[in-house]
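Results of the structural survey
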Amino acid sequence: MERLIAGAAALGTDLSPDQVAQFELYRDELLAWNRTMNLTAITDREEVATKLFLDSLTVFLALPQGLTPATRLVDVGSGAGFPGIPLKIVRPDVPLTLVEATRKKARFLEHLVERLELSGVQIVAARAEDAAHLPEHREAYQVVTARALARLPIAVELTVPFCAIGGVVVISVKGDFGPDVERASGAVERLGGHIRECTPVTVPWLDDGRALVIIDKLSPSPEAFPRRAGMPAKRPLA
Ligand code: SAH
C-alpha cells in the first residue's frame, strides 16, 4: 500500500489510515472474487494499486473546482467499481451511482459497498441505454465517469445523456486514443456536449499514455439517444 499512499499524494490526495484500510479491503475482496469470476485481468497486488486505484484517482485532476455533497456522480460500466468506488472512498460525502449491466458484477459491487461500509451508493444493474432514459437518471448528474467502457465514439453515447447541463463527463483513455477523440467529437456535439480537452495524466509508476477526455454538457441530449440496447456499439455515432 506504500505505492498507493505515495501515488495518491502525488495526485493531490492525502489518504487517511481509514481510507488506506478501505483500499486494502477493496483489493483483497477484488482478488478473492476474481478467483471465481472474471472481474479484472489484474492479479498482482501492486498493479491493483497503480493500474486500478491510482488510475481511478486521476479523475480528480479533471475536477479542479472539486466535488461537493450536492454533486451527483455516476460511473457508467463500472465493472468491479472503477473509477467510482476509489472516488467514493476518497470523497464519502459525495453521492455515487454505479451503472453496470452484468448482474454478477453488480452483485460484487453490492457486496463491496457493504464490506467497505460506504453509504450513499446506488447500484443500477442495467444497461446504460435503458437507465439513461429513466427520469431519475437522465441529465441528473453533474459528473459522469467511465473507464474502459467501450471505444470512445460508443462510450460518449452511453455517458453524455446522464450528464446535467453545465456538468462534465470524464472518460479515462490510454494508448493510441487520438483518432478516437477525433472520431467522437461529432458524436459528442450531436449529444449536446463539447470535448473541452484531452488531458494527459501521469499515474505514478505507469508510463502507458493515459489521458482524460473531458466533455462539457452544453445542451440537452436529443431523446433519441442513447439508441436502444446494443445499437451504440453496433453502429457507433460518427
Ligand atoms: N470501468 C471498469 C470496467 C470496465 S469493463 C474498469 O475500468 O475496470 C466494461 C464494463 O462495462 C463491463 O463490466 C461491462 O459489463 C459494462 N458495460 C458494457 N456495456 C455496458 C452498457 N451498455 N451498459 C452498462 N454497462 C455496460
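Scroll up to find the structure.
Residues numbered from 1 in each chain as written. Predicted model: local features only at pLDDT ≥ 70, side-chain atom pairs only at ≥ 80, totals over all residues. Heavy atoms only, no water.

1. Here's the deal with the nonpolar core
Basically, it comes down to this: Put simply, a nonpolar core is a bunch of buried Ala, Val, Leu, Ile, Met, Phe, Trp, Tyr and Cys residues held in one set by side-chain atoms that sit within 4.5 Å of each other. Think of it in three bands: with a 1.4 Å probe and only protein chains considered, a residue is buried below 20% of the maximum accessible area for its type, exposed above 50%, and partly exposed in between. Helix numbers and strand numbers start at the N terminus; a helix is a DSSP run of H or I with at least 4 residues, a strand a run of E with at least 2. Working rule for contacts: check all heavy atoms of both residues, and any pair within 4.5 Å makes them a contact.
Ranked by size, the top nonpolar core spans 50 residues in total, and within it Tyr26, Leu30, Phe53, Leu57 and Ile85 carry the most contacts. Top element by residues in this core is helix α3 (residues 45-57). It accounts for six residues. With sequence-adjacent residues up to four places away left out, Tyr26 is seen in contact with Phe53, Ala80, Gly81, Phe82, Ile85, Pro86, Ile89, Leu112 and Leu116.

2. Quick word on the site of the ligand
Worth spelling out the cut-off: Working definition: residue near molecule or strand if any one of its non-hydrogen atoms lies within 4 Å of it. Counting of polar contacts relies on pairs of N or O atoms within 3.5 Å, with two restrictions inside protein: one atom must be capable of donating a hydrogen and the other of accepting it, and residues adjacent in sequence are counted only when both atoms are side-chain atoms. Per-residue and other accessible areas were derived by the Shrake-Rupley procedure at a 1.4 Å probe size, with only the shown protein chains allowed to occlude residues. In this classification, the charged set is Asp, Glu, Lys and Arg, the nonpolar set is Ala, Val, Leu, Ile, Met, Phe, Trp, Tyr, Cys and Pro, and all remaining amino acids, among them Gly, are polar.
Taken together, the neighbourhood of the ligand is formed by 16 residues, with Phe82, Glu100, Ala128, Glu129 and Arg147 sitting nearest. Here a nitrogen atom of the ligand sits 2.7 Å away from a polar atom, N or O, in the main chain of Phe82. At 2.9 Å, a side-chain N or O of Thr102 approaches an oxygen atom of the ligand. Calculation on the ligand without its partners gives an accessible area of 570 Å², and the protein chains cover 81% of this total. For the shell around the ligand, the class distribution of residues is seven nonpolar, four polar and five charged.

3. A closer look at the sheet that holds strand β3 (residues 121-124)
Rules: Two strands pair if DSSP finds at least two bridges between them. Here an axis means a line fitted to C-alpha atoms, over the contact stretch when the element is a helix, while the angle between two N-to-C directions is reported on a 0 to 180 degree scale.
Taking strand neighbours across the sheet as the criterion, the seven strands line up as β3-β2-β1-β4-β5-β7-β6 in an open arrangement whose pairing is mixed. Of all strands in the sheet, those with a lone pairing partner are β3 and β6 (193-200), marking the two edges. Each neighbouring strand pair of the sheet contributes to a mean axis angle of 20°, computed without reference to strand direction. Pairing geometry for strand β1 (residues 73-76) and strand β4 (residues 141-147), over three bridges, is parallel. Each bridged residue has a counterpart across the sheet, and for Asp75 the counterpart in β4 is Thr145. Helix-sheet contacts for helix α8 (residues 178-190) involve β6 and β7 (210-217), and the interaxial angle to β6 is about 150°.

4. Remarks on the pattern of salt bridges
Two side chains of opposite charge can pair, provided their charged atoms sit close to one another. To keep things clear, this is the line we draw: Take a side-chain nitrogen of Lys or Arg and a carboxyl oxygen of Asp or Glu: if they are within 4 Å of each other, that pair is a salt bridge.
Tallied over the entire structure, the rule returns 16 salt bridges. The partner of Lys217 in a salt bridge is Glu139, and the shortest N-O contact between them spans 2.8 Å. Of this pair, Lys217 sits in strand β7 while Glu139 sits in the loop between α6 (128-131) and β4, and the two are 78 residues apart along the sequence. Owing to a relative accessible area of 2%, Lys217 belongs among the buried residues under this scheme. You can call Glu139 partly exposed: its relative accessible area is 22%. Among the charged side chains, a salt-bridge network with shared partners connects Asp55, Arg147, Asp208 and Arg210.

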